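# Breakdown of the fold
Each chain is listed here by its residues.
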Amino acid sequence: MCPAASLRKDGILKEVARGLISLRLTAEGELRYVTTMKEVIQLLKEGADGKIVLVNEGGTTFLAPVLAKLAGVVCITGALGSHLAIVTREFEIPALMGTKIESPEELDRKYVMIKPEEGSEGALFVKERLDNCT
Amino acid sequence: MHIVQFLEDIQSDDFENHGGKAVNLAKLARLGFNVPKGFSISSAVFTQMVKKNQDLTSYLKKVDKSDDFEEILGLSESIQQIIDNYRIPDDVVSEITKNLKHIEQAKFGFAVRSSATIEDRRDVSFAGQAESYLCVQGEEDIIGSVKKVWQSAFSDRALVYLKTKSIPLVEVKMAVLLQEMIPAEISGVMFTANVVTSNTGEILINSTWGLGNTLVSGEIIPDTFVLTKRPLGVIQQVLGDKEFTSKPEIYNLVITDTPEEKRSKFTLEDQALFDIAEVGMKIESSMESPQDIEWCIKPDGKLVILQSRPITTLSEPSYREE
């Protein structure tokens, strides 16, 4: 069995990162890695409802057009005092900050879950098919 | 009406002229908290620029009417250009330069900071939407930075934030704060309530070495501490990587890799945390609501308050609470 993994109906959730969570809320959905305002607008056109967005920095406040529609945000750097954490709280969605994810592109379009853990901490899980896990 | 007003002269009802950041800092200065010396350039100067310029007014109206974010991005570029080309009236420039001379010991230059009327409200933070410029020296660069702060009120990200919050652009009035630059040893953010759990009996602190710009902009992972208020105690601490350190030098801001021995060490020990928390609780009491406070520690160990605004998000989340 994968480490820190739990069985899901059609796959398993594997923990891929930990960080600090801006609100004690669980969120799950398709992850999109965005780095520019244009990509945010593109996501808005495609439909951002229920998606989870992964960004590089915690000062990334260009997410405003989609924040009301997102299920959550994951950020590679930053913490609870970063502007992104403050703004996402205004929209009542969790942001998992300071995750140190090294290959964000690999998570793009994967199904993920943000889950609160002990205290202010949280974890990011990615859903994998059972045959991918050894 | 004064174009320029020193912090200690700004009153609580000057919100429309000097914006949330300046009014809150002025109140703290009057109450005796340690706030960097400085003054605010009234939002009336910004409003005058908007009113004088018909093209700018027309573009702002177009943004207000549009629901197409791509169109808004294009309009933002035109708005930026118009403000860039604007020549600040001579009497305003003269008033700013005259007052700069009254601020002593600005060895590391000035922080040129936004103080919008829609900023730091109880319901809207506008956090990170407008820009601040640090270690700015010389009259020409200071005037240039004032214009850049004005531009940032209508940057692409600010415009879409304002649209999303249904705030008409005509309501945006940008005052600009000029304050002495503090050569901080340690900087941080303190929430006088735990914003993660909405527990008002706890305090949450982020801190890093040097200036706090790398922290609020989220470029680094700072140290995180959760404290109880009564009795004061540390209940959680998470070491951050603090990858970079931002320090002011005589003529500019320098960002360097943080040495390994400082990355692996907490920025604050318990007593320093308690001292900061005590000040936070006093500010919370003075401002009559839980606060989101930016602070720094000077080389002489004194705590300086850089910003205080109400926490906008303490109501209980309405769904999926764990």
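Residues numbered from 1 in each chain as written. Chains lettered and ligands numbered in written order. Predicted model: local features only at pLDDT ≥ 70, side-chain atom pairs only at ≥ 80, totals over all residues. Heavy atoms only, no water.

### What about the overall build of chain B?
What counts, and what does not: Secondary structure elements follow DSSP: runs of H or I of four or more residues count as helices, runs of E of two or more count as strands, with numbering from the N terminus. Note that the radius of gyration is over C-alpha atoms, with the globule rule given as 2.2 Å times the number of residues to the power 0.38. We call a residue buried when its accessible area falls under 20% of the maximum for its residue type, exposed when it is over 50%, and partly exposed in between, using a 1.4 Å probe and counting protein chains only. Where accessible areas are quoted, they stem from the Shrake-Rupley method and a 1.4 Å probe; at the residue level, only the protein chains shown are allowed to cover.
Looking only at helices and strands, chain B features 10 helices and 13 strands. Computed over C-alpha atoms, the radius of gyration of chain B comes to 20 Å, within 12% of the 20 Å expected from 2.2 N^0.38 for 322 residues, which places it in the range of a compact globule. When its C-alpha atoms are laid out on the principal axes, chain B stretches across 55 × 50 × 40 Å. For chain B, with 322 residues in total, the buried portion stands at 58%. Accessible surface, chain B: about 13600 Å² in total, of which carbon and sulfur atoms supply 47%.

### A short note on the packing of aromatic side chains
What counts is decided by this rule: Note on ring pairs: Phe, Tyr and Trp rings are taken, using the six-membered ring of Trp, and paired if centres are within 6.5 Å. Classes follow the plane angle, with under 30 degrees stacked, over 60 edge-to-face and the rest tilted. As a reminder, the over-ring test applies to NZ of lysine and CZ of arginine, requiring each to be within 6 Å of the ring centre and within 35 degrees of the ring normal.
For the coordinates displayed, the defined rule picks out 5 aromatic pairs over all chains. Plain terms: the ring middles of F46 of chain B and W150 of chain B are 6.1 Å apart, the flat faces sit at 65° to each other, and that makes the pair edge-to-face. Note that F46 of chain B is positioned in helix α2 (residues 43-52) and W150 of chain B in helix α6 (residues 139-153), a separation of 104 residues in sequence. Of the two residues, F46 of chain B and W150 of chain B, neither departs from the other in class, the shared state being buried. Here F46 of chain B and F154 of chain B contribute two aromatic rings whose centre-to-centre distance is 5.7 Å and whose plane-to-plane angle is 35°, an arrangement assigned as tilted. Here F46 of chain B, found in helix α2, pairs with F154 of chain B, found in the loop between α6 and α7 (156-164); they are 108 residues apart in sequence, far enough to count as distant. The pair formed by F46 of chain B and F154 of chain B is uniform in burial state, with each residue classed as buried. Across from the ring centre of Y111 of chain A, 4.6 Å away, lies the NZ or CZ of K127 of chain A, which sits over that ring.

### Considering the pairing of strand β10 (residues 244-248) of chain B
Two faces belong to every sheet, and in a regular strand the side chains alternate between them. Residues and elements named next belong to chain B. What counts, and what does not: The pairing criterion for strands is at least two bridges between them, as found by DSSP.
Examined bridge by bridge, β10 and strand β11 (residues 253-257) share 5 bridges and lie antiparallel to one another. Within the sheet, the bridge partner assigned to T245 lies in β11 and is T256. Between β10 and the antiparallel strand that follows it, β11, lie 4 residues.

### Topic: the nonpolar core
For clarity, the cut-off: The criterion is simple. A nonpolar core is a set of buried Ala, Val, Leu, Ile, Met, Phe, Trp, Tyr and Cys residues joined through side-chain atoms within 4.5 Å. Two residues qualify as a contact provided that any one of their heavy atoms is within 4.5 Å of a heavy atom in the partner residue.
Counting 72 residues, the largest nonpolar core has L63 of chain A together with W150 and L178 of chain B as its most contacted members. A total of 7 residues in this core trace back to one element, the largest contributor, which is helix α4 (residues 69-85) of chain B. Setting aside chain neighbours within four positions, we find L63 of chain A in contact with V34, V40, V53, V55, V73 and L84 of chain A. Counting 32 residues, the second-largest nonpolar core is a separate cluster that includes L20 of chain A together with V195, L204 and V216 of chain B.

### As for the interface of chain B and chain A
Under the convention used in this document: Each of two parts loses accessible area, computed with a 1.4 Å probe, when they are put together; buried area is these two losses added. We define a salt bridge as a contact between a side-chain nitrogen of Lys or Arg and a carboxyl oxygen of Asp or Glu at a distance within 4 Å. Identification of polar contacts relies on pairs of N or O atoms within 3.5 Å, with a donor-acceptor requirement for protein atoms, meaning one able to donate a hydrogen and the other able to accept it, and with residues adjacent in sequence counted only if both atoms are side-chain atoms. The nonpolar class holds Ala, Val, Leu, Ile, Met, Phe, Trp, Tyr, Cys and Pro. Asp, Glu, Lys and Arg form the charged class, and all remaining residues, Gly among them, are polar.
Between chain B and chain A, the contact holds 49 residues from the first and 43 residues from the second. Here chain B and chain A share an interface that buries about 3600 Å² over both sides, 59% of which is from carbon and sulfur atoms. A salt bridge links K100 of chain A to D241 of chain B, with the shortest nitrogen-to-oxygen separation between them at 3.3 Å. In this structure, the connection of chain B to chain A is made through 10 residue pairs in polar contact (both at pLDDT 80 or more). Within the residue set of the side of chain B that touches chain A, elements represented by two or more residues are α4, α7, β6 (186-191), β7 (202-209), α8 (213-216), β8 (223-228), β9 (233-238) and β12 (291-297) of chain B. In the side of chain B that touches chain A, the residues fall into 21 nonpolar, 14 polar and 14 charged.

### A look at the domain arrangement of chain B
Residue and element names in this part refer to chain B. Selection rule: Where each domain starts and ends comes from a domain assignment, either automatic or drawn from a database.
Taken domain by domain, chain B consists of domain 1 (4-180) and domain 2 (186-310). A C-alpha centroid distance of 25 Å is found between domain 1 and domain 2. Buried surface at the junction of domain 1 and domain 2, both sides included, amounts to about 1900 Å², of which 63% is carbon and sulfur. At the boundary of domain 1 with domain 2, the tally comes to 0 salt bridges. The tally of links between domain 1 and domain 2 comes to 6 residue pairs in polar contact (both at pLDDT 80 or more). Elements represented by at least two residues in the side of domain 1 that touches domain 2 include exactly α1 (15-30) and β4 (133-136). No other element matches α1, which puts 5 residues into the side of domain 1 that touches domain 2. Across the side of domain 1 that touches domain 2, the residue classes tally to 10 nonpolar, 4 polar and 7 charged.

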